[in-house]
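Take a look at the letters that make up each chain.
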Amino acid sequence: MGFVNCIVYLVCSGVVIFLIGRIYPRKWILPDRFPFKSYAFEKNGRLYEKLHIKRWKTKLPDASMILGKLFPWLMPTKRMEGNSAKKAAVLYKETCVAEATHFFAALTGFLCIRIWKKSGFGIVVSILNALWHIPFILIQRYNRPRFRRALKLA
């Protein structure tokens, strides 16, 4: 029963976090400030190139594409069509929203430790949940400097 409770919790909390991310005012997002700014150790995204994110990022499931088809008013398109400067500005902030959404989904997943206490499997589920979200956070941190450069060129 603990496993089922953890899964139900993770799905429900993920939906709530996603919805909060969708309604959060974009004018409050400051991509060049903590926690979204690029740090020196990231070398303006080059660290993520060493992790070969470009090769594997498209192989991960993309919930925004599925949700974008089901609920087009919830998700901005990821294509750089039309006014590329305007689109780059939108996508620049959207990387922040996606990063925050995955970060909070990973963080709140640690409540599974309390939900499934008896056997210690709550710890395993919590760690697996966090590990699931890390690649998506890295992808956003990889993409953000690219959008910043596109904005500077526009």
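In case you missed it, the structure is sitting above this.
Overview of the structure. Model, not experiment: these values are computed from the prediction.

Reading the values: rules and limits
- Residues numbered from 1 in each chain as written.
- Predicted model: local features only at pLDDT ≥ 70, side-chain atom pairs only at ≥ 80, totals over all residues.
- Heavy atoms only, no water.
- Helix = DSSP H or I, 4+ residues; strand = E, 2+ residues; numbered from the N terminus.
- Buried < 20%, exposed > 50% of the residue type's maximum accessible area, 1.4 Å probe, protein only.
- Contact = heavy atoms within 4.5 Å.
- Areas by Shrake-Rupley, 256 points an atom, 1.4 Å probe, with all protein chains shown as cover.
- 1 Å grid on protein atoms, 1.4 Å probe; cavity = no way out; pocket = protein on both sides within 12 Å on 5 of 7 lines; lining within 4 Å.
- Points joined across faces, edges and corners; volume = space filled by probe spheres on them.
- Nonpolar A, V, L, I, M, F, W, Y, C, P; charged D, E, K, R; others polar.
- Patch = residues over 30% accessible without salt bridge, like charges linked within 9 Å, V, L, I, M, F, W, Y side chains within 5 Å.
- Salt bridge = Lys/Arg side-chain N within 4 Å of Asp/Glu carboxyl O.
- Lys, Arg positive; Asp, Glu negative; His and termini not counted.
- Charge placed at Lys NZ, Arg CZ, Asp CG, Glu CD.
- Disulfide = S-S within 2.5 Å.
- Phe/Tyr/Trp six-rings, centres within 6.5 Å; stacked < 30°, edge-to-face > 60°.

### Notes on the overall build of the chain
When its secondary structure is counted, the chain shows seven helices and zero strands. Counting from the amino terminus, the chain carries its helices and strands in the arrangement α-α-α-α-α-α-α. The buried share of the chain, taken over its 154 residues, is 34%. Within the chain, contacts between residues at least 6 apart in sequence are counted, and of these 77% link residues at least 24 apart. For the chain, the computed accessible surface area is about 10,200 Å², with 70% contributed by carbon and sulfur atoms.

### Considering the layout of surface pockets
For the second largest pocket, the calculated volume is near 400 Å³. If you trace the second largest pocket, you find 17 residues lining it, with Phe-36, Cys-96, Ala-100, Thr-101 and Phe-104 closest to the centre. Where the lining of the second largest pocket is concerned, the elements lending two or more residues are α1 (2-23), α5 (84-108) and α7 (121-153). Looking at the lining of the second largest pocket residue by residue, the class counts come to 13 nonpolar, two polar and two charged.

### Section: a positive patch on the surface
On the surface, Lys-43, Arg-46, Lys-50, Lys-54, Arg-146 and Arg-149 cluster together into a positively charged patch. Along the chain, Arg-46 falls in helix α2 (residues 46-50).

### Quick word on the state of the cysteines
Applying the stated criterion across every chain, the model contains zero disulfides. Here Cys-112 stays free of any disulfide, with the sulfur of Cys-6 as its closest cysteine sulfur at 3.4 Å. Classification of Cys-112 as buried rests on a relative accessible area of 0%.

### Quick notes on the packing of aromatic side chains
Inspection of every chain in the model, using the stated rule, returns six aromatic pairs. Centroid distance Phe-103 to Phe-104: 5.3 Å. Interplanar angle 75 degrees. Geometry classified as edge-to-face. On the basis of relative accessible area, Phe-104 is assigned to the partly exposed category, the value being 43%. Pairing Trp-132 with Phe-136 gives two aromatic rings, centres 5.3 Å apart and planes at 55 degrees, and the pair type is tilted. Here Phe-136 and Trp-132 lie together in helix α7, a separation of four residues that amounts to about one turn. A relative accessible area of 44% means that Trp-132 is categorised as partly exposed. Linked through ring pairs, Phe-3, Trp-116 and Phe-121 together constitute an aromatic cluster.

### Observations regarding the environment of Leu-47
For Leu-47, the position within the fold is in helix α2. Sequence separation between Leu-47 and Arg-141 is 94 residues, and the spatial gap between their C-alpha atoms is 9.9 Å. Every residue in contact with Leu-47, bar those within four places of it in the chain, is listed here: Phe-41 and Glu-42.

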